[in-house]
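# Topology and contacts: notes
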Amino acid sequence: MTPDPLTAEVLRNALVVAAEEAGIVVVRSAYSTFIVEGSDASAAVLDAGGRLIAHSMATTLMNSMALKLALPELLADIPPDTMRPGDVYALNDAYRGGVHTNDLLVYRPVFVRDTPAYFTATMIHVSDLGGLSAGGMAPLATDIFLEGLQLPPVRLATAAGLEPAVEAILEANSRTPDKVMGDVRALVAGTAVAAARMESLIAEYGEDGLAAGVAGYLDHTEARTRAALAELPEGRFEASYPIDDDGIDPDRPHHVRVAVTLARRTAALDFTGTDPQVPAAINASASQSLAAAVFAIRCFLDPAIPMNDGCLRAIDVHLPEGSLLNARSPHPCGGRYVPIYAAMEAVFQALSDAVPERAIAASGILQPFSISAVGAPYWIHLSYDFGGVGARRGLDGPDATGVHFGVGRNSVPQAEPVESRCPLIVESIETIPDSGGPGRHRGGLGSRTVYRFLEDCHVTTRGDRLRLAPPGREGGLPGRLGGFYRRRLDGTVERLASKVNNVRFAAGEAFIVETTGGGGLGAASERDREAVLADLDAGRVSARGAAEDYGLGN
C-alpha cells in the first residue's frame, strides 16, 4: 500500500537522518586530518536493487553516485545469499563504479527475513593507499597502477571484526597505516549506526510499510523532477569546455562536449564528441561524470527536490566508453575533477543558452594539492582551495567557493587544527582584489593562501583553469588566473606547473595557492556605479581595477 503523505515525509526524513548520523560517526571517528577537520565524509542508504534511497546532507553527488553504481558490482562478485549479519564489504575499483584508489567505498547489508534488503554505505578519501605521491594525488600518473592499491569487492569485516588478511593488505600498501586503519574502522562504524537505524525503521513500519514508503518517496521525487523539467524550454543545446593540459603534454588540447536535449518532461545529456581517454590523470570514471551531469542539470531545477533514485529516472546521461568521462583500464582516474568540472561547465553553458534568465558565466574551480613528509615517519595534509563562481543573472558570483566541491558541497579545514597536526604555518588566507571577471555583474573572487614550512616537505598539485581563464558571458570579461607558487628563502617567487608531483620544498620556504576568479556577466561599462564603489570600499576591487575595468573616475 502507499503511505499517506505525512507518513511518507516522516520516513523520508528518518532515512536521511540515518545516513546523516553515519556520516557524523565517520567524521568523529576518523584519523586523517582532512576527514576530521574538513568533515569530508559521505554516507548513504540504498536498497538491494541498487537504488539510491537517501544520502546525508554532507554527501557529495560524486560520492553518492559512486556508492550507487558500485553496489551492483559488489553484488555481482559476492552473491547476497552468502552474506551474513555483521558482514561489511569494500571496494575502490574506479572502473566498477568507484572513484579512484584512495576513495574507499564500504557497504553493510541490512537483512529482512534473512535476505539483504537494504545496504548502508559510507565513503571517504582515506589518508594513503600508495601510488606516486602521498595521499593519492599522483597528478602525473600515466596508468592506474601508479595511483595506488586497487581493491576489488572484498569482505572487509564480519561480526567478529576486521578481516585480518584485508587489514594486512591495506597496511602494507600505505605510508600511514595507522591512519588508514583508523579511517577504515570509522567507515565500518558509520555503516553500523545507519544499519541500526534502518533496523529500527523496519521494526516500526514493518517490511511492507517501509518498502511502500520508499517507493512512494522515490515516485514523488520523480514527479517533482519531471514537473521542473517541463518548465524548461524544449530543444537541443550544445556546448563544450576545454581542459588546460594533461600534465604530460602541455600543448595537447582536450575538450568535453555535450548536447542537452530537453523534451517531454525529461533531460538527455549526450557527451558524444568528448575527447578520448589519455594516459594521464585527467580521466574520470562513469560514476563521477554521471554526478557532474546530474548536478549541473539540478542547478537549473527546483533546489528543494530531494536527491535520490527518483530524480535519476528523468535524466538520461550518455557517457561514451573510452572517453575522458568514462575511462577504461589502465587509464588513470585520480584527476577526475578536471574532466567532470569541464563537463559540468559545458552543461551550465548549454543550459544558460536554453534559459538565459538563469545564465551563469564560467567559474574558477577547486585546486587540489597535498603537502607531505619527504620520508618516514610520514605526515600528510590533503587540501584544496576554491576559485570564484561565475556571475549569475542579476547577481555577482560568490567569492572563493568554487562551484561546489565534489559537485555538492564545500569543506576546507581551519588553519589552527592543520598547524597543530602538521609542521607548517598558515601565514595568510585572503581573497584577491580584481580577480573576479569584470562585468555588469562581477565574477566571484579567487583566494590566496600561504603555507610556510617548518621542515622539508613534498608538494603535489593538480590544478586546472590556471592557463585558460573562465570566460565571461554577454560581454563580461574572464576571471583572473590563479596558480601555484614557491616563495624561496630569499623572497623570490616562482610559478609551478598546474600539475606537479613531489616537488621538494625546504624548511622556511612557502607554498602559495592562488585560485582563479569567476567570469563576469554583461559589459563592465554597464555595472552600477554604486556597486563599484561598494566593491572598492570592501577591497574586492582596487583603485586601479575600478578605474581600468569599470571606468570609475573617468
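Use the structure listed above.
Residues numbered from 1 in each chain as written. Predicted model: local features only at pLDDT ≥ 70, side-chain atom pairs only at ≥ 80, totals over all residues. Heavy atoms only, no water.

On to the overall build of the protein, then. Each helix and strand in the protein was counted, giving 11 helices and 20 strands. Computed over its C-alpha atoms, the radius of gyration of the protein comes to 23 Å, within 12% of the 24 Å expected for a compact globule of 554 residues. Projected onto its principal axes, the C-alpha positions of the protein cover 80 × 60 × 40 Å. Partitioning the contacts of the protein with sequence separation of at least 6, the portion at a separation of at least 24 is 73%. With 48 positive and 68 negative side-chain charges, the protein shows a spacing of 2 Å between the two charge centroids. (Helix = DSSP H or I, 4+ residues; strand = E, 2+ residues; numbered from the N terminus. Rg over C-alpha atoms; globule rule 2.2 N^0.38 Å. Contact = heavy atoms within 4.5 Å. Lys, Arg positive; Asp, Glu negative; His and termini not counted. Charge placed at Lys NZ, Arg CZ, Asp CG, Glu CD.)

Take the sheet that holds strand 4 (residues 103–112) next. Sheets are built from strands that pair by backbone hydrogen bonding, the pairs being arranged parallel or antiparallel. Across the sheet, which stays open at both edges, the seven strands sit in the order 2-1-5-4-3-6-7 with antiparallel pairing between neighbours. Two strands in the sheet have a free side with no partner beyond their single neighbour: strand 2 (52–55) and strand 7 (161–162). With three bridges connecting them, strand 3 (residues 88–91) and strand 6 (residues 154–158) associate as antiparallel partners. When the sheet's bridge partners are listed, Ala90 is paired in strand 6 with Val154. (Pairing = 2+ DSSP bridges.)

Tracing the chain through its elements places Thr221 in helix 5 (residues 177–230). We classify Thr221 as buried; its relative accessible area is 0%. For the pair Thr221 and Met198, spaced 23 residues apart in sequence, the C-alpha to C-alpha distance is 21 Å. Setting aside residues up to four positions removed in sequence, Thr221 forms contacts with Ile305, Pro306, Asn308, Gly310 and Cys311. Among the polar contacts listed, one links the side chain of Thr221 to the side chain of Asn308, at a separation of 2.9 Å. (Buried < 20%, exposed > 50% of the residue type's maximum accessible area, 1.4 Å probe, protein only. Polar contact = N/O pair within 3.5 Å; in protein donor to acceptor, adjacent residues only side chain to side chain.)

Turning our attention to the sheet that holds strand 19 (residues 499–505). Spatially, the four strands line up as an open sheet ordered 13-12-16-19, and their pairing is antiparallel. Edge positions in the sheet fall to strand 13 (380–385) and strand 19, since each has one partner strand and no second. Put simply, the sheet's adjacent strands are angled 15 degrees from each other on average, direction ignored. Of the pairings in the sheet, the one linking strand 12 (residues 367–372) to strand 16 (residues 457–462) comprises four bridges and is antiparallel in character. Bridge pairing links Ser372 to His458 in strand 16. (Axes fitted to C-alpha atoms, helices over the stretch in contact; angles between N-to-C directions.)

The buried fraction of strand 19 is high, at five of seven residues. Here strand 16 runs beside strand 19; their pairing, made up of five bridges, is antiparallel. Bridging across to strand 19, His458 finds its partner in Arg504.

Let's shift gears to the packing of helix 6 (residues 286–298) against helix 8 (residues 337–354). Direction vectors running N to C along helix 6 and helix 8 enclose 25 degrees, while the axes themselves pass 9 Å from each other. Classed by the angle they form, the pair helix 6 and helix 8 counts as roughly parallel. Crossing of helix 6 against helix 8: the hand is right-handed. Side by side, helix 6 and helix 8 meet where Gln288, Ser289, Ala292, Phe295, Ala296 and Ile297 of the first sit next to Ile340, Ala343, Met344, Val347, Phe348 and Leu351 of the second. Per-class residue counts for the contact of helix 6 with helix 8 are 10 nonpolar, two polar and no charged. (Parallel < 35°, antiparallel > 145°, perpendicular 65-115°, else oblique. Left-handed = near helix turned anticlockwise from the far one by under 90°. Nonpolar A, V, L, I, M, F, W, Y, C, P; charged D, E, K, R; others polar.)

Since the α-helix advances by 3.6 residues per turn, residues separated by three or four positions end up pointing in the same direction. The end-to-end C-alpha distance of helix 5 is 51 Å, clearly below the 80 Å that 54 residues give at a rise of 1.5 Å each. The sharpest bend along helix 5 measures roughly 105 degrees and falls at Gly206. (Expected span 1.5 Å × (residues − 1). Bend = angle between axes of the 7 residues up to and from the residue.)

The next thing to look at is the pattern of salt bridges. Think of it this way: side chains of opposite charge can pair up when their charged atoms draw near. Counted by the stated rule, this structure contains 41 salt bridges. A cluster of three or more residues bridged by salt bridges with shared partners is formed by Asp396, Asp399, Arg442, Arg527, Asp535 and Arg540. (Salt bridge = Lys/Arg side-chain N within 4 Å of Asp/Glu carboxyl O.)

Attention shifts here to the packing of aromatic side chains. Applying the stated criterion across every chain yields a total of nine aromatic pairs. With centroids separated by 6.2 Å and ring planes inclined at 45 degrees, the aromatic side chains of Tyr337 and Tyr341 adopt a geometry described as tilted. Residue Tyr337 and its partner Tyr341 are both found in helix 8; the two are separated by four residues, about one turn of the helix. Relative accessible area serves as the criterion here: at 9%, Tyr337 is assigned to the buried category. On the basis of an interplanar angle of 80 degrees and a centroid distance of 5.9 Å, the ring pair of Phe505 and Phe511 is categorised as edge-to-face. Connected via pairs of aromatic rings, a cluster forms that spans Phe369, Tyr451, Phe453, Phe484, Phe505 and Phe511. Positioned above the aromatic ring of Phe505 is the side chain of Arg486, whose terminal nitrogen or guanidinium carbon lies 4.4 Å from the ring centre. (Phe/Tyr/Trp six-rings, centres within 6.5 Å; stacked < 30°, edge-to-face > 60°. Lys NZ or Arg CZ within 6 Å of the ring centre and 35° of its normal.)

Our next topic: the side chain of Gln349. Here Gln349 shows up in helix 8. Given the relative accessible area of 12%, Gln349 is considered buried. Side chain to side chain, Gln349 and Arg473 meet in a polar contact 2.9 Å long. With residues up to four places along the chain from it excluded, the contact list for Gln349 reads Ala239, Ile360, Ala361, Ala362 and Arg473.

Most of strand 1 (residues 42–47) is tucked away, with six of its six residues classed as buried. Every second residue of strand 1 is oriented toward a common face, with Ser42, Ala44 and Leu46 on one face and Ala43, Val45 and Asp47 on the other, all of them buried. Of the pairings in the sheet, the one linking strand 1 to strand 2 comprises three bridges and is antiparallel in character. Residue pairing for strand 2: Val45 is matched across the bridge by Ala54. What sits between strand 1 and strand 2 in their antiparallel hairpin is a turn of four residues, with Gly50 showing a positive phi close to 85 degrees.

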